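Below are the chains, spelled out letter by letter.
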Amino acid sequence: MIKLIATDMDGTLLNSKNEIQEGFYEIFNELKEKEIIFAAASGRQYYNLLERFKGLDRYMMFIAENGTFVVYKGEELVVNPLDINLAREIIKVVRNIDNAYAILCGKNSAYIESNDERIIEQTEKYYARYEIVDDLTKVEDEVLKVAICDFDGAEHNSNRYFDDFRDKTQVAVSGQLWLDIMAKGINKGVAIKEIQEQLGISFEETMEFGDYLNDLEMMGSAYHSYAMENAHDDLKKAARFITKSNDESGVVHAIKTFLNN
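Just so it is clear, the model here is predicted, and its values are computed rather than measured.

A. Looking closely at the overall build of the protein. What the protein contains, in helices and strands, is seven helices and 14 strands. In terms of overall size, the protein behaves like a compact globule, its C-alpha atoms giving a radius of gyration of 17 Å where 261 residues would be expected to give roughly 18 Å. With respect to the principal axes defined by its C-alpha atoms, the protein has extents near 55 × 35 × 35 Å. Within the protein, the proportion of its 261 residues that are buried is 59%. A separation of at least 24 residues holds for 57% of the contacts in the protein among residues at least 6 apart in sequence. Of the roughly 11600 Å² that the protein leaves accessible, carbon and sulfur atoms contribute 42%.

B. Main features of the sheet that holds strand E4 (residues 69-72). One open sheet holds the eight strands; their spatial order is E5-E4-E3-E2-E1-E12-E13-E14, and the pairing between them is mixed. Strands at the two margins of the open sheet, each flanked by one partner only, are strand E5 (75-79) and strand E14 (241-243). Each strand of the sheet is rotated relative to its neighbour by a mean of 20°, with strand direction disregarded. When strand E12 (residues 206-210) meets strand E13 (residues 224-228), the two strands line up parallel, connected through four bridges. Along E13, the bridge assignment pairs Glu-208 with Ser-225. Along the sheet face, helix H7 (residues 250-260) touches strand E1 (4-7), E12, E13 and E14 and points at about 160° away from the line of E12.

Cut-offs applied
Residues numbered from 1 in each chain as written. Predicted model: local features only at pLDDT ≥ 70, side-chain atom pairs only at ≥ 80, totals over all residues. Heavy atoms only, no water. Helix = DSSP H or I, 4+ residues; strand = E, 2+ residues; numbered from the N terminus. Rg over C-alpha atoms; globule rule 2.2 N^0.38 Å. Buried < 20%, exposed > 50% of the residue type's maximum accessible area, 1.4 Å probe, protein only. Contact = heavy atoms within 4.5 Å. Areas by Shrake-Rupley, 256 points an atom, 1.4 Å probe, with all protein chains shown as cover. Pairing = 2+ DSSP bridges. Axes fitted to C-alpha atoms, helices over the stretch in contact; angles between N-to-C directions.

Listed below in structure tokens is the structure:
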């Protein structure tokens, strides 16, 4: 019996055209009827996810900002903030990385300090609420994470600038351009375990889908852990199962297969 299904968004539930997979809404209605919780587990902002699932938010769970903020049926279940002073240190490092920009991800809004069209375009893809400010280190908000948009590639460029932060923060490569830095020990997998504990859901009663390195820990919090066919090789090694690619409706296919068994 499955009681919770959590899926990443980009490269997983969303196809390469940024569209939710065909057949999702029919499957969602079936899950709702069976009282199986469906969660979007993403590095995206909560308000961005609300927009993507307009009309479904009163039934869904949102595991936003890589596990730092969880909302279910409009109620906050989990908030795992990043110390604001650490966030400010990170911002200062990012300012010295060529072609990289920091996004301060607050509970109320996201914040950037550049008018560069490239970072505005990327910010608007993932953050429905954002502000342009003069100085990110002066922002007052509950900080969930610092996201770094690195146009030279996050995994092999900006990732190496934060070795001194790995003992005090959680550093995750969350996309080709994206590096996310959260509070130490916080990730999607930890958020799933907190949800399981609060709602009385077991490891065996949980199904998960992901495609990238910020989904690694999530693969260890469910028996039914699926990597997409298009997933990073390291994620495929961590997952128990492989499903079709995001462009072949792999999430919908796997859930349908489970429901029909």
